[in-house]
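Coordinate inspection notes
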Amino acid sequence: MDFQTAEIEEAALALAKVIDGHGGAPDLIAAAGHLLPFTAAFCVVNRKGRRPVYLCDTYPEGTAKDAVQLYAGSTYLLNPVYNAILDGLPPGLYRMADLAPDNWNLSPETPSILVEDTEEIGYRTPGWPAGLQELTLLVALPEGAMGEISFARPAADGGFPDSLLARLRPFLPLFAAAFRQLWSHHTDSPVPAEPDRTLQDFARSTLSPREAETVQLILKGHSSLSISLTLGIALPTVKTHRKNAYAKLGISTQQQLFNAFLQWQGKARRQTP
C-alpha cells in the first residue's frame with residue numbers, strides 16, 4: 001500500500017466517523033490533514049448578522065490561539081471570506097488572497113504590528129502567526145449558514161498551489177456531508193436572542209452615510225481608488241470623506257481607526273446579555 005492510498009483511507013475513515021455521528025470538528029481537520037499539508041487550522045460556522053460559531057482550532061496556545069478568538073468575536077467583520085459569504089459566495093475551496101479587496105495593505109504612513117508587507121493580504125489580526133497563506137473550505141448548511149475550515153501554511157513552504165487544491169477537491173462532497181451531520185447535532189452554543197451589531201453599525205450615529213460607507217470600506221481593506229469605483233464617487237471626494245470621518249472620530253491614522261473598531265466591538269460583546 002503506497003503512501004497516497006494510506007492517506008486517502010485515513011481521510012475517509014475520519015470523515016466517516018463524523019458522518020456516522022461519532023466525530024467532531026477536530027476530525028474534520030484531521031481528515032484534511034491526511035490530504036493537505038498545513039500548519040494550523042480553525043473551524044467555524046458563519047451566520048449572516050451573527051458572530052461565527054467557533055468549533056475548534058489547532059493553533060498553538062498563546063497569542064495565536066487568542067487571535068482565533070479575536071477573529072471569531074470581532075475581526076471576522078473585516079475578513080474577506082466572511083464578506084464574500086455575505087455577498088453570496090458559493091461553497092467550495094478559496095484562497096484568502098483571491099477573495100481580498102484590491103489593496104489590503106494599510107497605509108504606509110501608519111505603520112503598526114498589523115501592517116505586514118510580507119503577508120499575502122498585507123494584514124493580519126493581532127497575534128496571528130506571520131508569513132502564512134490561507135485556504136478556506138466552505139460548506140453550505142441549513143438556514144443560510146456556511147461551515148468553514150480555514151487552513152494556514154507558510155508562504156515559504158509554497159502556500160497552497162493548484163496541485164494541493166486538486167488533492168482536496170474530490171473530497172468536498174464528503175466534507176459537506178460530514179459538516180452537515182456535525183452541525184445538526186450542535187447544541188452547546190445557543191443563538192443569541194438579538195443579532196450582533198454589523199460593520200454598518202460602526203460610528204453610524206457620528207458619521208454621515210457617505211462617511212460611514214467610506215470607513216467601512218477602509219476597514220475591509222479597500223484602497224481609495226477602490227472606494228471611488230465602488231461608491232461611484234470621485235477620488236478627491238473619497239479623500240474628503242475620509243478626512244472628515246477621521247476628524248469626527250478623533251483619530252488621524254488607519255491604525256487608530258482599526259483600534260476604534262476593536263474597542264467598539266469589545267463594548268458590544270460586554271453589553272450582550
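Above this note sits the structure.
Rules behind the numbers
Residues numbered from 1 in each chain as written. Predicted model: local features only at pLDDT ≥ 70, side-chain atom pairs only at ≥ 80, totals over all residues. Heavy atoms only, no water. Phe/Tyr/Trp six-rings, centres within 6.5 Å; stacked < 30°, edge-to-face > 60°. Helix = DSSP H or I, 4+ residues; strand = E, 2+ residues; numbered from the N terminus. Buried < 20%, exposed > 50% of the residue type's maximum accessible area, 1.4 Å probe, protein only. Polar contact = N/O pair within 3.5 Å; in protein donor to acceptor, adjacent residues only side chain to side chain. Disulfide = S-S within 2.5 Å. Core = buried A, V, L, I, M, F, W, Y, C linked by side-chain atoms within 4.5 Å. Contact = heavy atoms within 4.5 Å.

Quick look at the packing of aromatic side chains
Two aromatic rings are characterised by how far apart their centres lie and by the angle between their planes. Applying the stated rule across the entire model yields 6 aromatic pairs. For the pair Phe38 and Phe151, a centre-to-centre distance of 4.9 Å together with 45° between the ring planes defines the contact as tilted. Taken as a pair, Phe38 in the loop between helix 2 (25–33) and strand 1 (40–47) and Phe151 in strand 5 (residues 146–154) lie far apart in primary sequence, 113 residues in all. For the ring pair Phe42 and Tyr71, a centre distance of 5.4 Å and an interplane angle of 45° mean the geometry is tilted. Within this pair, whereas Phe42 is found in strand 1, its partner Tyr71 is found in helix 3 (residues 63–73), the two being separated by 29 residues in sequence. A residue is classified by how much of its surface remains accessible, and Tyr71, at 4% relative accessible area, is buried.

A closer look at the environment of Gln254
Mapped onto the elements of the fold, Gln254 is located in helix 11 (residues 254–271). On the basis of relative accessibility, which here comes to 8%, the residue Gln254 falls in the buried class. Along the backbone, Gln254 and Val215 are 39 residues apart, and their C-alpha atoms lie at a distance of 9.6 Å. There is a polar contact of 3.0 Å between the side chain of Gln254 and the side chain of Arg242.

Things to note about the state of the cysteines
The bond known as a disulfide is covalent and runs between the sulfur atoms of two cysteines. Applying the stated criterion across every chain yields a total of 0 disulfides. Cys43 forms no disulfide, and the closest cysteine sulfur to it belongs to Cys56, at a distance of 5.1 Å. For Cys56, a relative accessible area of 9% corresponds to the buried category.

Digging into the nonpolar core
Core analysis: the largest hydrophobic core is formed by 37 residues, its most contacted members being Leu28, Cys43, Leu137, Ile149, Phe151, Phe175 and Phe179. Residue assignment for this core shows that the elements contributing at least two residues are helix 1 (3–19), helix 2, strand 1, strand 2 (50–57), strand 4 (132–140), strand 5, helix 6 (162–168) and helix 7 (172–184). For this core, the element with the most residues is helix 7, which contributes 7 residues. If we ignore the near neighbours within four places in the chain, the residues touching Ile149 are Leu28, Ile29, Phe42, Cys43, Leu135, Thr136, Leu137, Phe175 and Phe179. Within the second largest apolar cluster, 34 residues are counted, among which are Ala64, Tyr82, Ile251 and Phe258.

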